[in-house]
Amino acid sequence: MKNEMNMNEMITQLHGLYQRDPEEFERMSRLLIDQAIESFPAEHRQRAYGLQFQLEHKLRKFNDPVARMNKMVEIFWDQVLVFQQVLEDPEGYLSEKDKNKQEGKVIPFAPRGSRQLH
């Protein structure tokens, strides 16, 4: 119950901060996100930062807080459906994912020292 009370207080404070000073709100929310990710086991942090980057990329075109929240809810439920697919048919999910995988293009670089700069 204590954590719930702290969370409600934090949400109230962040809401007020967003209304008073949107730039400070962004700084504070970035700090809270980074603190949360840094609390993860070290082997999961890089993936978490990558997922956070993808989420922010998807949300960046939504400036209205309600539209942004609605998009976050949509993303959440999309991921719940993926999770459900994995639980119901993990092999099928992985084989479908492998089928849709696109190979990256490897760009050849000349060996060091073999090219002259102009």
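All values derive from a computational prediction rather than experimental measurement. Every residue gets a number counted from 1 within its own chain, in the order that chain's sequence is written. Two thresholds apply to this predicted model, a pLDDT of at least 70 for residue-level local features and 80 or more for giving and counting side-chain atom pairs, whereas whole-chain, interface and lining totals are computed over all residues. Side-chain numbers come from the whole structure's heavy atoms, not from hydrogens or water.

A word on the confidence of the model for the chain
Within a predicted model, pLDDT stands for the predictor's per-residue confidence, ranging from 0 to 100. Model confidence for the chain is summarised by a mean pLDDT of 87, while 92% of its residues fall at 70 or above. No element of the chain has a lower mean pLDDT than helix H1 (residues 2–20), at 77, and none a higher one than helix H3 (residues 42–59), at 95. Note on conventions: DSSP H or I runs of at least 4 residues are helices, E runs of at least 2 residues are strands, and numbering of each starts at the N terminus.

Details of a nonpolar patch on the surface
A patch is a set of surface residues, each over 30% in relative accessible area and not in a salt bridge, joined within 9 Å for like charges and within 5 Å for the nonpolar side chains Val, Leu, Ile, Met, Phe, Trp and Tyr. Residue-level accessible areas treat just the shown protein chains as cover; the underlying method is Shrake-Rupley with a 1.4 Å probe. Basic side-chain nitrogens of Lys or Arg form a salt bridge, by our definition, when they fall within 4 Å of a carboxyl oxygen of Asp or Glu. A cluster of nonpolar side chains, Val66, Met69, Met72, Val73, Phe76 and Trp77, forms an exposed patch at the surface whose accessible area comes to about 590 Å². If you trace the backbone, Val73 turns up in helix H4 (residues 65–88). With a 1.4 Å probe rolled over the protein chains alone, any residue whose accessible area is under 20% of its type maximum counts as buried; one over 50% counts as exposed, and the rest are partly exposed. For Val73, a relative accessible area of 40% puts it in the partly exposed group.

What to know about helix H2 (residues 22–38)
Expected helix span is taken as 1.5 Å per residue step, with the number of steps being one fewer than the number of residues. With 17 residues, H2 extends 24 Å between its outermost C-alpha atoms, agreeing within 8% with the 24 Å of an ideal straight helix rising 1.5 Å per residue. Residues of H2 that are buried: Phe25, Ser29 and Ile37. Down the axis of H2, the sector holding all buried residues measures 100 degrees, keeping them to one side. Arc definition: directions from the helix axis to the C-beta atoms.

Quick look at the pattern of salt bridges
Counted by the stated rule, this structure contains seven salt bridges. In this structure, the salt-bridge partner of Arg30 is Glu56, at a minimum N-O distance of 2.0 Å. In this pair, Arg30 sits in helix H2 while Glu56 sits in helix H3, placing the two residues 26 residues apart along the sequence. Asp98 is the partner of Lys101 in a salt bridge, and the nearest nitrogen-oxygen pair spans 3.8 Å. The pair Lys101 / Asp98 is uniform in exposure class, with both members exposed. Each of Arg30, Asp34 and Glu56 takes part in a single network of salt bridges with overlapping partners.

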